[in-house]
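Chain by chain, the residues:
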Amino acid sequence: MNDQGFSRRSVLRSAGAAGAGLGIGALGTGAAQAATPGAAPAPAQQTAAAAPPRRGKSMIGVPFEQRSTVRVGIIGLGQRGGSMIDLFLALDGVRVTALCDPVKEKAERAAKKVTDANQPAPALYVKGDHDFEKLVRRGDIDFVYVATPWDWHYEMAAAALKGGKHVGIECPLALELKQLWELVDLSERTRRHCMQLENCAYGQNEMRVLRMAHEGLFGDLLHSAGAYIHDLRELMFDPEYYEGPWRRLWHTRMKGDLYPNHGFGPAANYMDVNRGDRAVRITSFGSPSLGLAAYREENMPAGHESWKETYIKSDMTISLVQTEKGRVIRLEQNVSNPHPYDRLNILGGTKGVFEDYPPRIYLEPEMSGHEWGDFDKYKDHDHWLWKEHANPPGGHGGMDYIMLFRLMQCMRLGLVPDFDVYDAATWSAPVPLSHASIKAHGTPQEFPDFTRGGWRKKREGIDSSKPEE
């Protein structure tokens, strides 16, 4: 769902790293380093899970500053950013003040949406890939939204924090542990929130299951599963959809789960990860990498740029995450083979189990005979957000709107956000950790405690209480 575009120049930047099998720390702190296409994978580097020295105070429980209007700057106006701007403009108390994309036409189209919504014309930043550095220094922006290719997420998030802005980033937050720790550190030092905009955690089914879990309907929780199984072969070879090969090129760099957030975010919420429990280790395995090459063979003409690419990303990655309380979370990712869309979305406990796609449930004592029950009968357990916004606008079944509505509400009312930089780092950490585990033949990798012990305290998250406006 992080289907963004940015610029042709960022595609060239991505292309420079094509073919390199990168170790956990090999991406540097900004752009991916250049490498020779088809190069052999670099040796896996040691996963240093120990927390670096804290240079600021924890961001756990820190509220936003209350404001009547949230002023938003958007970086990246491709597939994702170009559609999410519609939802920002649909929210009361939100004003889009600045837009950035090196493709001038995209920024101008988005600017017209702003003026058509009877808001003042936004400032435009269209002079090269680094013009976002000017946007984040503006004094009339409270929140920066980043919807660009993955290569830029860390750099743009860091710039926004240093510019004194709260920032929300599309999945994943960053792609190496060093970058994740640096964003945690920056959030703590700048006192600004850095958030992973994990929209699937705000899905109606996910939020209903979360509330049911917290109400004890599943008993003691034992296991969960989440996934991102989405056949993207055609889109990854479409130069217009992703504006070049940037997403496909990640399949030439890493073996592991490149997109764990949509599965891990909801599962972590069910298990109260960072809110009474924490992820302690991950073990990952990967299938052969065959799907993209087979698709290329059947669909790409001779001389197409993709014939220079060597794919190393496992078609199917399967990871097991164990928590401090001994619970197990299974993560899967596959975007390279024929398969109907699936996020698994499973939760099991001592009193029953829920499984999605299609949604079905079995709970004792009200059910017997080992026959699946009707999940629709549990609508009264819906989160208050879905009760108040039964037919939300926007894509992905309305979860995008619910996520942005709640985030902007927290900013306007001066509330603690539903998720923070520790959740963002945790949900993205399986990217480098699964890569390292697969390269080490399934060797478990220690999971960093980004909270530095703060996970022990129970606290609210996405299962939030309804505020008084």
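Please refer to the structure higher up on the page.
In this text, all values refer to a predicted model and were calculated from it rather than measured experimentally. Think of each chain on its own: its residues are numbered from 1, step by step along the sequence as written. Residues qualify for local features only when their pLDDT is at least 70, as the model is predicted, and side-chain atom pairs are given and counted only at 80 or more; totals for whole chains, interfaces and linings, by contrast, use all residues. Note: side-chain values were computed over all heavy atoms of the structure, leaving out hydrogens and water.

1. Re the packing of aromatic side chains
What describes a pair of aromatic rings is the distance from one ring centre to the other and the angle between the planes of the rings. In plain terms, the rule: Two rings from Phe, Tyr or Trp (for Trp, the six-membered ring) form a pair when their centres sit within 6.5 Å of each other. Planes less than 30 degrees apart are called stacked, planes more than 60 degrees apart edge-to-face, and all others tilted. Strands here mean DSSP runs of E at least two residues long; helices mean DSSP runs of H or I at least four residues long; both are numbered from the N terminus. The rule is simple: take the accessible area with a 1.4 Å probe, protein chains only, and divide by the maximum for that residue type; under 20% is buried, over 50% is exposed, in between is partly exposed. Put simply, a charge is over a ring when the Lys NZ or the Arg CZ is close to the ring centre, within 6 Å, and near the line of the ring normal, within 35 degrees.
Going through the model one piece at a time under the given rule, you end up with 16 aromatic pairs. Seen from their ring centres, Tyr341 and Tyr357 are 6.2 Å apart, and the 65° between their planes marks the pair as edge-to-face. A residue pair is termed long-range when its members are at least 10 positions apart, and Tyr341 in the loop between β10 (328-334) and β11 (346-349) and Tyr357 in the loop between β12 (352-355) and β13 (360-363) qualify at 16 residues. On the accessibility criterion, Tyr341 (29% relative accessible area) is partly exposed. Given the relative accessible area of 30%, Tyr357 is considered partly exposed. By the ring-pair criterion, three or more aromatic residues cluster together here, those being Trp150, Tyr228, Tyr241, Tyr242, Trp246, Trp250, Tyr259, Tyr341 and Tyr357. Between the NZ or CZ atom of Arg253 and the centre of the ring of Trp250, over which it lies, the distance is 3.9 Å.

2. Points about the packing of helix α5 (residues 153-162) against helix α6 (residues 177-190)
Put simply, the test is: Only the contacting stretch of a helix is used when fitting its axis, a line to C-alpha atoms as for every element, and angles between N-to-C directions run 0 to 180 degrees. Note on angle classes: values under 35 degrees are labelled roughly parallel, values over 145 roughly antiparallel, values of 65 to 115 roughly perpendicular, and the remainder oblique. Handedness of a helix crossing follows the sense of rotation of the near helix relative to the far helix, less than a right angle counterclockwise being left-handed and clockwise being right-handed. Note on contacts: a residue pair is in contact if any heavy atoms of the two residues lie within 4.5 Å.
Two numbers describe how α5 lies on α6: the axes approach to 9 Å, and their chain directions differ by 10°. On the basis of the axis angle, α5 is roughly parallel to α6. As for the relative orientation of α5 and α6, their crossing is left-handed in sense. The residues of α6 that touch α5, namely those facing Tyr154, Ala157, Ala158, Leu161 and Lys162, are Gln179, Glu182, Leu183, Leu186, Ser187 and Thr190.

3. Some words on unusual backbone geometry
A negative phi angle characterises most non-glycine residues, just as the trans form characterises most peptide bonds. Between Tyr357 and Pro358 the backbone carries a cis peptide bond, its omega angle lying at 0°. Its place among the elements puts Pro358 in the loop between β12 and β13. Backbone torsion omega between Glu364 and Pro365 reads 10°, so that peptide bond is classified as cis. Its location among the elements puts Pro365 in the loop between β13 and α12 (384-388). Phi is positive for Leu344, which is not a glycine, with a value near 60°. Checked against the element boundaries, Leu344 lands in the loop between β10 and β11. Given a relative accessible area of 12%, Leu344 falls into the buried group.

4. Digging into the environment of Leu433
Here Leu433 shows up in helix α15 (residues 430-439). Separated by 176 residues in sequence, Leu433 and Asp257 have C-alpha atoms that sit 8.7 Å apart.

5. What to know about the pairing of strand β7 (residues 221-229)
Using the following cut-off: Criterion used throughout: strands pair if DSSP finds at least two bridges between them.
Counting buried residues in β7 gives seven out of nine residues, a clear majority hidden from the surface. Where β7 lies against β11, four bridges are found, and the strand directions are antiparallel. Of the residues in β11, the one forming a bridge with Ser224 is Leu347. For β7 and β10, the ladder comprises seven bridges, and the chain directions are parallel. Of the residues in β10, the one forming a bridge with His223 is Val328.

6. So, the sheet that holds strand β4 (residues 143-146)
An order of β3-β2-β1-β4-β5-β6 is seen for the six strands of this open sheet, with the pairing classed as parallel. Where the open sheet ends on each side, the last strands, each with one partner, are β3 (123-125) and β6 (194-196). With direction set aside, neighbouring strand axes in the sheet form an average angle of 25°. Where strand β1 (residues 70-75) and β4 come together, four bridges link them in parallel fashion. Looking at the pairing, Val72 lines up with Phe143 of β4.

7. So, helix α7 (residues 204-214)
For α7, the complete set of buried residues consists of Glu206, Met207, Arg208, Val209, Leu210, Met212 and Ala213. Where α7 terminates, the next one or two residues include Gly216, which has phi positive at roughly 85°.

8. Re the environment of Lys113
Selection rule: Two N or O atoms form a polar contact when they lie within 3.5 Å of each other; inside protein one atom must be a possible hydrogen donor and the other a possible acceptor, and for residues adjacent in sequence the pair counts only when both atoms belong to side chains.
With respect to the helices, strands and loops of the structure, Lys113 is situated in helix α3 (residues 104-116). Look at Lys113 and you get partly exposed, because its relative accessible area is 32%. Taking C-alpha positions, Lys113 is 9.7 Å from Gly82, a pair spaced 31 residues apart along the chain. The contact partners of Lys113, leaving out residues within four places of it in the chain, are Gly82, Ile85, Asp86 and Leu89. One polar contact links the side chain of Lys113 to the main-chain carbonyl oxygen of Gly82, over a distance of 2.8 Å. Here the side chain of Lys113 touches Asp86 through a polar contact of 3.2 Å, side chain to side chain.

9. Comments concerning the sheet that holds strand β8 (residues 279-286)
With mixed pairing, eight strands are arranged side by side in an open sheet as β13-β12-β11-β7-β10-β9-β8-β14. Looking at which strands have only one partner, the edges of the open sheet turn out to be β13 and β14 (445-446).

10. Thoughts on the nonpolar core
Applied cut-off: Among buried residues, the Ala, Val, Leu, Ile, Met, Phe, Trp, Tyr and Cys ones that are joined through side-chain atoms within 4.5 Å form a nonpolar core. Here the limits of each domain have been adopted from an automatic or database domain assignment.
With 111 residues, the main nonpolar core has Phe88, Phe143, Leu183, Phe218 and Met408 as its most contacted residues. Broken down by element, this core gets its largest block of residues, nine residues, from helix α13 (residues 399-413). Residue contributions to this core reach at least three from each of two domains, namely domain 1 (68-195) and domain 2 (199-383 + 417-454). Excluding anything up to four places from it in sequence, Met408 contacts Val70, Val72, Phe88, Leu91, Val94 and Phe143.

11. Brief notes about the pairing of β1
Rules: Place the viewer so that the strands point away; then a crossover is right-handed whenever the path from the first strand over the helix to the second strand goes clockwise.
Of all the six residues making up β1, five are buried; the element is thus mostly covered by neighbouring parts of the structure. Two strands pair when backbone bridges link them, and β1 and strand β2 (residues 94-100) are joined in this way by six bridges, in the parallel orientation. Within β2, the residue paired with Arg71 across the bridge is Arg95. A crossover connection joins β1 to the parallel β2 through helix α2 (residues 81-90); in handedness this β-α-β unit is right-handed.

12. Comments concerning the state of the cysteines
Cysteine pairs can be linked by a disulfide, which is a covalent bond between their two sulfur atoms. Which entries qualify depends on this criterion: Pairs of cysteine sulfur atoms within 2.5 Å are what we label disulfides.
Within this structure, the stated rule accounts for zero disulfides. No disulfide involves Cys200; its nearest neighbouring cysteine sulfur is the one of Cys171, lying 7.5 Å away. On the basis of relative accessibility, which here comes to 0%, the residue Cys200 falls in the buried class.

As far as function goes, none of this settles anything; it's purely spatial.
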